[in-house]
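Below are the chains, spelled out letter by letter.
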Amino acid sequence: MRSCSLWALLPPIYSVLTAAGLWVVYFVAVNDEKIAPLGSKYRNGSLYPPYISIAGNSPPASCIFSEVMNLSAFVAFIIAVLRFLQLRRRMDKQWLNVCSLVAFSIGCFGMTLLGNFQVFSEEMIHNCGTFMTFGLGTLFCWLQSYFTLRVNLRNEGRKAGLLRFLLSGSITVCMILHLSLIAQRLHMQAAQSQWALVMFFLAFFATFAIEFRHSRFYIVCTDDSAVPSESLSDPSRYQPDQL
């Protein structure tokens with residue numbers, strides 16, 4: 001355990017806190033009687049189906065939802081960048097690593113759109129953000145599953161890759177099921193599949209702890225300006241800043 005990097009804690013903490021924030025949004029909306037509970041039999045009436053977007057549509061739940069999505073997008077982007085750096089010297093097809101990071105960066109921007117533009121007030125922008133988040137997020141999961149098997153870091157690629165392929169498949173199935181249930185107007189079941197989809201996404205991110213425990217990431221600050229040679233003898237002045 002002493003050789004395990006503390007960066008391994010970042011992905012599971014991110015997943016747990018994001019899930020907790022979304023469930024807080026759900027329970028606030030249920031308590032305010034804005035949405036029907038997930039386990040109930042939904043009927044067209046005064047309560048809306050418990051989609052995540054609808055749960056975060058009205059204040060005070062919308063305020064919490066915006067904060068959760070903004071912070072989640074920021075930390076998810078950091079995790080994706082760290083994963084990119086981890087694979088940078090190990091990938092033979094570096095363009096795939098770059099495409100994975102670019103795609104997920106756009107997906108993180110989509111998270112901020114769906115968090116800050118509520119579905120009832122700016123439906124088109126909100127739905128665009130939802131498509132970016134889920135569509136590009138699913139692509140990111142499949143690419144990372146492939147990278148896991150390809151790189152096989154510390155000979156753990158087969159076990160971790162199998163887990164990620166299963167989660168990526170579950171995410172894809174939930175997305176297809178969600179869309180088909182909406183088309184059939186089975187809104188309660190569609191909402192349940194959406195919640196399952198998001199939880200599978202968060203579970204996928206938590207698995208990055210497997211590789212992160214072997215890596216340490218640093219921020220090094222250097223001065224590119226011309227410096228007199230005698231000043232280089234001061235080690236404290238050029239000590240790297242560590243993250």
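So, a few notes on the structure that sits alongside this text.

The rules behind these values
Residues numbered from 1 in each chain as written. Predicted model: local features only at pLDDT ≥ 70, side-chain atom pairs only at ≥ 80, totals over all residues. Heavy atoms only, no water. Helix = DSSP H or I, 4+ residues; strand = E, 2+ residues; numbered from the N terminus. Buried < 20%, exposed > 50% of the residue type's maximum accessible area, 1.4 Å probe, protein only. Salt bridge = Lys/Arg side-chain N within 4 Å of Asp/Glu carboxyl O.

### Overview of unusual backbone geometry
Looking along the chain, the bond that leaves proline 59 and enters proline 60 is cis, with omega of 5°. Relative to the assigned elements, proline 60 resides in the loop between helix H2 (52-55) and helix H3 (61-88). For glutamate 33, which is not a glycine, the phi torsion comes out positive at approximately 60°. Structurally, glutamate 33 can be placed in the loop between helix H1 (10-31) and H2. Located in the positive-phi region is asparagine 152, a residue other than glycine, with phi close to 55°. For asparagine 152, a relative accessible area of 30% translates into the label partly exposed.

### Digging into the pattern of salt bridges
Inspection of the entire model under this criterion finds four salt bridges. Close ionic contact of glutamate 211 with arginine 83 constitutes a salt bridge, the shortest N to O distance being 3.9 Å. Of this pair, glutamate 211 sits in helix H8 (residues 209-212) while arginine 83 sits in helix H3; the two residues are 128 residues apart in sequence, bridging distant segments of the chain. Each of the two residues, glutamate 211 as well as arginine 83, counts as buried. Here arginine 164 ties to glutamate 211 by a salt bridge, and the two come within 2.6 Å at their closest N and O atoms.

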